[in-house]
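In case you want the letters, here they are:
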Amino acid sequence: DAGVTQSPTHLIKTRGQHVTLRCSPISGHKSVSWYQQVLGQGPQFIFQYYEKEERGRGNFPDRFSARQFPNYSSELNVNALLLGDSALYLCASSLVSPDRWRIYEQYFGPGTRLTVT
Amino acid sequence: AQKVTQAQTEISVVEKEDVTLDCVYETRDTTYYLFWYKQPPSGELVFLIRRNSFDEQNEISGRYSWNFQKSTSSFNFTITASQVVDSAVYFCALWGNNDMRFGAGTRLTVKP
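What counts, and at which threshold
Per chain, residue numbering runs from 1 following the sequence as it is written. Chain A is the first chain written and ligand 1 is the first ligand written, with later ones labelled in order. Residue-level local features of this predicted model are given only where pLDDT is at least 70; pairs of side-chain atoms are given and counted only at 80 or more, and the full residue set underlies all totals for whole chains, interfaces and linings. Note that water and hydrogens are dropped before the side-chain values are worked out from all heavy atoms of the structure. We call two residues in contact when some of their heavy atoms are within 4.5 Å. Computed with a 1.4 Å rolling probe, the buried area is the accessible surface lost when two parts are put together, summed over both parts. Between Lys or Arg on one side and Asp or Glu on the other, a salt bridge is scored when a side-chain nitrogen of the former is within 4 Å of a carboxyl oxygen of the latter. Polar contacts, as counted here, are pairs of nitrogen or oxygen atoms within 3.5 Å of one another; within protein the pair requires one atom able to donate a hydrogen and one able to accept it, and residues that are adjacent in sequence qualify only if both atoms are side-chain atoms. Starting at the N terminus, helices and strands are each numbered in turn, a helix being any DSSP run of H or I of at least four residues and a strand any DSSP run of E of at least two. Under the convention adopted here, Pro, Cys and the residues Ala, Val, Leu, Ile, Met, Phe, Trp and Tyr are nonpolar, Asp, Glu, Lys and Arg are charged, and Gly plus all remaining residues are polar. When a residue's accessible area, from a 1.4 Å probe over protein chains only, is under 20% of the maximum for its type it is buried; when over 50% it is exposed; and in between it is partly exposed. Paired strands, as defined in this entry, are two strands with at least two bridges between them according to DSSP. Between N-to-C directions, angles cover 0 to 180 degrees, with each direction set by a line fitted to C-alpha atoms, over the stretch in contact for helices. The rule is simple: put a 1 Å grid over the protein atoms alone, call a set of points where a 1.4 Å probe fits but cannot get out a cavity, call an open set with protein on both sides within 12 Å along at least five of seven lines a pocket, and count a residue as lining if it has an atom within 4 Å of a point. Grid points are joined across faces, edges and corners, and a volume is the space filled by probe spheres set on the points.

## Let's talk about the interface of chain B and chain A
Thinking step 1. Listed by partner, the interface residues are 18 residues for chain B and 22 residues for chain A.
Thinking step 2. Of the roughly 1,800 Å² buried at the junction of chain B and chain A (both faces included), carbon and sulfur atoms supply 58%.
Thinking step 3. Run the count over chain B and chain A and you get 1 salt bridge.
Thinking step 4. Remark: the boundary between chain B and chain A carries 6 residue pairs in polar contact (both at pLDDT 80 or more).
Thinking step 5. Every element with two or more residues in the side of chain B that touches chain A is listed here: strand 5 (33-39), strand 6 (46-52), strand 10 (88-96) and strand 11 (99-102) of chain B.
Thinking step 6. Per element, the largest residue contribution to the side of chain B that touches chain A is 4 residues, and it comes from strand 5 of chain B.
Thinking step 7. Here the residues of the side of chain B that touches chain A sort into 11 nonpolar, 4 polar and 3 charged.

Now the structure itself:
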């Protein structure tokens, strides 16, 4: 079975530009989360979408936005890029429980390496 | 606010030694989940274990074992008879109140 896929693999952008990162979850997974991982640190939570609704949001500015599509794939958008946005952006998918209470483990994609110059 | 602390930044052992990676967490939630992930040099995070706050049973999976103690807010991970392939960065993570927090990670190097 295919794992979580992300595109593009690498991306170089200039300060002030906009970027869109894409993620396809594992088949059957209806929840997608986005993380930013700076070199040498743990992943930082950006968003979680749970059956197309935003369920959680980390401490990131409004320049970061995301959405989940009917097929459960997702996009992360970042506007007005700053040098500090250079990082590995990780997407993770998980199952959802009918009662929305149980939390399942997240499976991560390989990430998109974003470099802002 | 939730917090995960992995005080050991780097650990180096010789193959076949046992090693314990420490994880201490902080949360005000009564319902939460704890996870361990492995990030090998290839970079992709690999899920190892999930535990919810109501299940304090320790778990063993092959050479891996986990010790969850709510009284000390700890969720430690032990690798028995370490192997070179265990070399990676290991992350402890906490989910609660619609927020996921990862620790800073522990880099484990297993030398032959």
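## Considerations on the environment of glutamine 36 of chain A
Residues and elements named next belong to chain A.
Thinking step 1. Mapping glutamine 36 onto the fold places it in strand 4 (residues 31-37).
Thinking step 2. Look at glutamine 36 and you get buried, because its relative accessible area is 8%.
Thinking step 3. Spatially, the C-alpha atoms of glutamine 36 and glycine 84 are 11 Å apart, while their sequence positions differ by 48 residues.
Thinking step 4. In contact with glutamine 36, other than residues within four places in its own chain, are Gly42, Pro43, Gln44, Ile46, Phe60, Phe64, Gly84, Asp85, Ala87, Leu88 and Tyr89.

## Quick look at the sheet that holds strand 8 (residues 74-78) of chain A
Residues and elements named next belong to chain A.
Thinking step 1. Taken in spatial order, the 4 strands line up as 1-3-8-7 in an open sheet, and their pairing is antiparallel. Each end of this open sheet is capped by a strand with a single partner; those strands are strand 1 (5-7) and strand 7 (64-68). In this sheet, neighbouring strand axes are inclined to one another by 15° on average, regardless of whether the strands run parallel or antiparallel.
Thinking step 2. The sheet contact formed by strand 1 and strand 3 (residues 19-24) spans 3 bridges and is antiparallel. Paired with glutamine 6 across the two strands is cysteine 23, which belongs to strand 3.

## Quick look at empty space enclosed by the protein
Thinking step 1. Applying the stated rule across the entire model yields 1 cavity of 30 Å³ or more.
Thinking step 2. Taken as a whole, the largest cavity spans an internal volume of roughly 40 Å³.
Thinking step 3. Around the largest cavity, the lining residues are Gln48, Tyr50, Ser94, Leu95, Ile103, Tyr104 and Gln106 of chain A together with Trp95 of chain B.
Thinking step 4. Class assignment for the residues of the lining of the largest cavity results in 5 nonpolar, 3 polar and no charged.

## A closer look at the pattern of salt bridges
Thinking step 1. The final tally for this structure, using the stated rule, is 11 salt bridges over all chains.
Thinking step 2. Taking the shortest distance from any N to any O, the salt bridge between arginine 57 of chain A and glutamate 54 of chain A comes out at 3.9 Å.
Thinking step 3. Note on arginine 57 of chain A: relative accessible area 35%, which makes it partly exposed.
Thinking step 4. A residue is classified by how much of its surface remains accessible, and glutamate 54 of chain A, at 40% relative accessible area, is partly exposed.
Thinking step 5. For arginine 63 of chain B, the salt bridge is made with aspartate 86 of chain B, and the minimal N-O distance between the two is 2.8 Å. Here the residue arginine 63 of chain B occupies a position in the loop between strand 7 (59-61) and strand 8 (64-69), and aspartate 86 of chain B occupies one in the loop between strand 9 (74-79) and strand 10, the gap between them amounting to 23 residues.
Thinking step 6. With relative accessibility at 1%, the residue aspartate 86 of chain B sits in the buried group.
Thinking step 7. In this structure, a network of salt bridges that share partners links the residues Arg22, Arg67 and Glu75 of chain A.

Everything listed is a geometric property; what it means functionally is a separate question.
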